Amino acid sequence: MKILVGIKRVIDSNVRVQINRDGTGVVTDGVKMSINPFDEIAVEEALRIKERGEAGEVIVATIGPGAAQQQLRTALAMGADRAVLIESDEDVQPLAAARTFMKLVEKEDPGLVLLGKQAIDDDSNQVGQMLAAIWDRPQATFVSRLHFADGNGRAVREVDAGLETLEVELPAVITVDLRLNEPRFVKMPDIMKAKRKPLETVPLATLGVDMPPRLEFGRHEPPPKRAAGIKVESVEALVKSLRERGML
Amino acid sequence: MPGPSPATRIKALSDENPLATSAAVPRDVMEYDVAIVGGGPAGLACAIRLKDRKPALSVCVLEKASEIGAHILSGCVIEPGPLDELLPGWRDDPPSICVPARRDEFLFLSRKRAWRLPNPPQMHNKGNYIVSLGALCQQLAAHAESLGVEVFPGFPGASALFGGEGRDTRVIGVRCGDMGVEADGTAGPNYAPGVDVHAKTTVLAEGSRGSIAKQLIHQFRLADGKSPQTWGLGFKELWRLPPGRTEPGLIQHTIGWPLDAETYGGSFLYHLDGDRAYVGFVVGLDYRDPRFRPFEAFQQYKHHPALTPLLEGGEIASAGARTIVEGGWQSLPTLEMPGALLIGDAAGTLNVPKIKGVHQAIGSAMLAADQLVETGGGAGFDVRFRASAAGRELYKVRNIRPGFNRGLWFGLANAALETVLGGRTPWTLDNHADWRSLRKTAESRAHDGLEAMASAWRPERDLPPRDRLASQYFAATVHDENQPVHLHVLDTDICRTRCTEEYGNPCTRFCPVAVYEMVDDEAGRRLHINASNCVHCKACDIKDPYEIINWVTPEGGSGPNYQNL
């Protein structure tokens, strides 16, 4: 079985995100970029499936600028076999991303597509679902446990009421949640090996996905600043202060 | 007050990390001609120069930060000479912050007023550039990689590896830090042993108070017969200001308030483009009052009437702290040992009166590379550096910083004399060790001026950050909580007994991000270490008066995530 893993280059989760001067977006100048943490979990899961002997090849793919090669190399250093960069300097919205991935699915014919449940930059949480619909294959989202038996995937997913177990016929789209695994540390010798692994670059324009953006961004604003608190001397003072503010 | 000897401390350190020293842990070995520890200006310049001159050499650079530049914090006005020589085209593709210096101002501050002083000649900045050193390092790293240097961010050099016995002991490389060690020192589920990097020559370019450099300087007795090394603690904030307030290229330095005359230090303010400015403050770590709080001194300075109109209504984009090596010529250790070299701030090549170290770091790095390429080894580098332009530059200004040991006014007069004579005075003044410089608290109380400085802080501060923890937020520092504490305190009994009594636990005040806390509760008084706040400045490793704090590298990728500092 071939596993196709989709990853996205996003601002690193440890970076303090700042909104730019005119409110048209966030500051990306000199900002550290990483693999979307959910996608990293998807890569890790694919590698574990392969290491158990249940898959033959792990392909990582991303849609993004040339610099996204860096994130693909990281995934290759983790252990993926080869990588595909669908190059585009434009912002790619969820539906366009799903249609683009569909082209890749047609070409690679994977037995399983693993994706993060959402990307931490726009938090859309749509690509996996859209891809499953376009591909017309089963999907399991928010998966926190996964194994395979009799050619089917058994996925435990987190829902509001607790846990739900789904059995999906392969090939399928599975989007992963935080609890599924803890990604491995990349090792130095593997970084060297990753430099020699195949990384194919395909310009997005050549795939024939004609998809003008459907979403329009209004304004970016930081959350309102919290006003400074006050210290009170006693319970009485606290109650009085709450009353004065009409909160009690 | 003799503390435990460094040898005891280094032994204690290895006892605390059984995995790091266990022979039973299988480790990959990677071989290089030259292994460089530290991806700052010195390390990257050395790598570039090596590959420029001898492309066949295999060279790697190890860096503890999650990416190149994330642990770099520097003023920083650079003198472009050495950089031009290293990378003639750097101006065509400048770092994200790069503003030509236009005008210098040197001020003396009192509580309410500011006086213009004549600019000391070392501090003229015509032809220099205000840059983000972090951004510059990212470009150096990209260039180094294009030449075939293997750059490994996220992989700290944790300890030196030795070969040979007794007098034949030589450095044969470094062991990278282990990943995935649990807080109790055992291997976690994702445990990944650090690689052993073997190299014909290891170059220590860890910056100020490098942890391996510290170990090797002791082990090979490189500082014997030299004056003790001395450091400063620097703070820096990048501000985004309301439009129209800045004068891009204006460089302003101050001395005086809020420091008293016996404490060495001052501020810097660099106006950038795009309504931004760098604001910073440096304090000599040989300060004497144990109650002194360097971070708060910086915040007080920002509330001077000369500063507030600029900063009010602005916001901080990024902030942090780092120590600065200030000992200069007489404190410079021997720069070579069998199998290894010291360069840049790990050696101590910074020029204090110029308040510049980057050109010296790059200069010493290029000399080290030249030595390796021309002779195949490091022997002779020490002599070569001292005789070079960079070495002579240090020699000329050697007496200026120690002159301030006798107070600000003596220091200024001495600096003027030394400058006029171009360092041709027949003497060399000594530095003294920072950890020995504190007075006991009881003695400090007798000192009126100090009492005023230590206690009379303006309590109402309007400008951000609110306190040290709020400032730490702007450093975006991260350490996985489930790792061993990387700040080893050899004997915490001293903290709750002698230190409380004698110095009132100065670590709780000099740490810029409140890593150290003394807790009094049912269990009694004890030291609590918030290691995950650490911004890797190394002040504690330097200033603690009993020399019992040992800073070691945490898990790779931990620490601050500085942007454009």
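Residues numbered from 1 in each chain as written. Chains lettered and ligands numbered in written order. Predicted model: local features only at pLDDT ≥ 70, side-chain atom pairs only at ≥ 80, totals over all residues.

**Q** What am I meant to see in the sheet that holds strand 17 (residues 276-284) of chain B here?
**A** Either a parallel or an antiparallel arrangement is found when strands of a sheet pair, and the pairing is made through backbone hydrogen bonds. All names here are of chain B. On the basis of which strands lie adjacent, the open sheet formed by seven strands has the order 6-5-15-16-17-14-18 and mixed pairing. Each end of this open sheet is capped by a strand with a single partner; those strands are strand 6 (114-117) and strand 18 (315-325). Neighbour to neighbour, the strand axes of the sheet diverge by 20 degrees on average, direction disregarded. Strand direction decides the pairing type here: strand 14 (residues 231-240) and strand 17, joined by nine bridges, are antiparallel. (Pairing = 2+ DSSP bridges. Helix = DSSP H or I, 4+ residues; strand = E, 2+ residues; numbered from the N terminus. Axes fitted to C-alpha atoms, helices over the stretch in contact; angles between N-to-C directions.)

**Q** In this structure, what is going on with the sheet that holds strand 3 (residues 77-78) of chain B? I would like to understand it.
**A** Residue and element names in this part refer to chain B. Overall, antiparallel pairing links the three strands, which are arranged 3-7-4 in an open sheet. Two strands in the sheet have a free side with no partner beyond their single neighbour: strand 3 and strand 4 (98-100). Relative to strand 7 (residues 129-131), strand 4 is paired through three bridges, and the arrangement is antiparallel. Paired with Cys-98 across the strands is Val-131, a residue of strand 7.

**Q** Quick question: what am I supposed to make of the packing of helix 3 (residues 41-53) of chain B against helix 5 (residues 133-146) of chain B here?
**A** Angle between the axes and distance between the axes: these two values describe a pair of packed helices. Residues and elements named next belong to chain B. It is the contact of helix 3 with helix 5, at a shortest axis distance of 9 Å, that shows an interaxial angle of 20 degrees. Classified by the interaxial angle, the pair formed by helix 3 and helix 5 is roughly parallel. The two elements helix 3 and helix 5 cross, and the hand of that crossing is left-handed. Residues Pro-41, Leu-44, Ala-45, Ala-47 and Ile-48 of helix 3 form the contact with helix 5, whose participating residues are Leu-133, Cys-137, Leu-140, Ala-141, His-143 and Ala-144. (Parallel < 35°, antiparallel > 145°, perpendicular 65-115°, else oblique. Left-handed = near helix turned anticlockwise from the far one by under 90°. Contact = placed C-beta atoms within 7 Å.)

**Q** Any chance you could explain the domain arrangement of chain B here in plain terms?
**A** Where the parts come together, the accessible area they lose is often given as the size of the interface. All names here are of chain B. Looking at chain B, the domain boundaries give domain 1 (23-76 + 137-228 + 329-396), domain 2 (97-130 + 229-325) and domain 3 (437-551). Centre-to-centre, using C-alpha coordinates, domain 1 lies 29 Å away from domain 3. With eight residues of domain 1 at the contact, the number on the domain 3 side is eight residues. Broken down by class, the residue content of the side of domain 1 that touches domain 3 amounts to two nonpolar, four polar and two charged. (Domains from an automatic or database assignment. Nonpolar A, V, L, I, M, F, W, Y, C, P; charged D, E, K, R; others polar.)

**Q** Which parts of the structure should I look at to understand the pairing of strand 10 (residues 172-176) of chain A?
**A** Each regular strand displays side chains that alternate between the two surfaces of the sheet. Residues and elements named next belong to chain A. Among the five residues in strand 10, five count as buried, and that is most of the element. Residue alternation in strand 10 divides its side chains into two sets, Ala-172, Ile-174 and Val-176 and Val-173 and Thr-175, and both sets are buried. Judged from the five bridges that link them, strand 6 (residues 112-116) and strand 10 form a sheet pairing that is parallel. The residue bridging Leu-115 from the neighbouring strand is Thr-175, located in strand 10. Of the pairings in the sheet, the one linking strand 7 (residues 139-149) to strand 10 comprises three bridges and is parallel in character. Bridging across to strand 10, Val-143 finds its partner in Val-176. (Buried ≥ 20, exposed ≤ 12 C-beta atoms within 10 Å, placed from the backbone.)

**Q** It is not clear to me how helix 14 (residues 408-421) of chain B should be interpreted in this structure. Could you clarify?
**A** For the α-helix, the turn length of 3.6 residues means that residues three or four positions removed from each other point alike. All names here are of chain B. Over its 14 residues, helix 14 extends 20 Å from the first C-alpha to the last, a length consistent with the 20 Å expected when each residue adds 1.5 Å. Within the span of helix 14, buried status applies to Leu-408, Gly-411, Asn-414 and Glu-418. Down the axis of helix 14, the buried set is contained in an arc of 125 degrees. They therefore lie on one face. Turned more than 90 degrees from where helix 14 packs its buried face, Trp-409, Ala-413 and Val-420 sit exposed. Here the buried face of helix 14 lies against strand 15 (250-256) and helix 13 (400-403). In the stretch just after helix 14, Gly-422 is the one whose phi turns positive, near 60 degrees. (Expected span 1.5 Å × (residues − 1). Arc of directions from axis to C-beta.)

**Q** How should the nonpolar core be read in this particular structure?
**A** For soluble globular proteins, nonpolar side chains are generally found buried alongside one another. Ile36(B), Cys46(B), Leu204(B), Ile343(B) and Ala365(B) are the most contacted members of the largest nonpolar core, which totals 150 residues. Examining the composition of this core, we find that nine residues originate from one element, helix 10 (residues 358-375) of chain B, more than from any other. Beyond its immediate sequence surroundings of up to four residues, Ile36(B) is in contact with Gly43(B), Cys46(B), Ala47(B), Val59(B), Cys60(B), Val61(B), Val203(B) and Ala205(B). Within the second largest apolar cluster, 58 residues are counted, among which are Ala83(A), Ala98(A), Val168(A) and Ile174(A). (Core = buried A, V, L, I, M, F, W, Y, C linked by C-beta atoms within 7 Å.)

**Q** Is there a simple way to think about unusual backbone geometry in this case?
**A** A cis amide bond links Leu170(A) to the next residue, Pro171(A), at an omega of -5 degrees. With respect to the helices, strands and loops of the structure, Pro171(A) is situated in the loop between strand 9 (162-169) and strand 10. In this structure, Pro258(B) follows Trp257(B) across a cis peptide bond, with omega equal to 5 degrees. Here Asp109(A), not a glycine, exhibits a phi torsion of approximately 50 degrees, which is positive.

**Q** Help me understand the environment of Asp430(B), please; the structure alone is not making it clear to me.
**A** Residue and element names in this part refer to chain B. Inspection of the secondary structure puts Asp-430 in the loop between helix 14 and helix 15 (441-445). The sequence separation of Asp-430 and Gly-327 amounts to 103 residues, and the corresponding C-alpha distance is 9.0 Å. The residues touching Asp-430, leaving out its near neighbours within four places in the chain, are Ser-227, Gln-330 and Pro-402.

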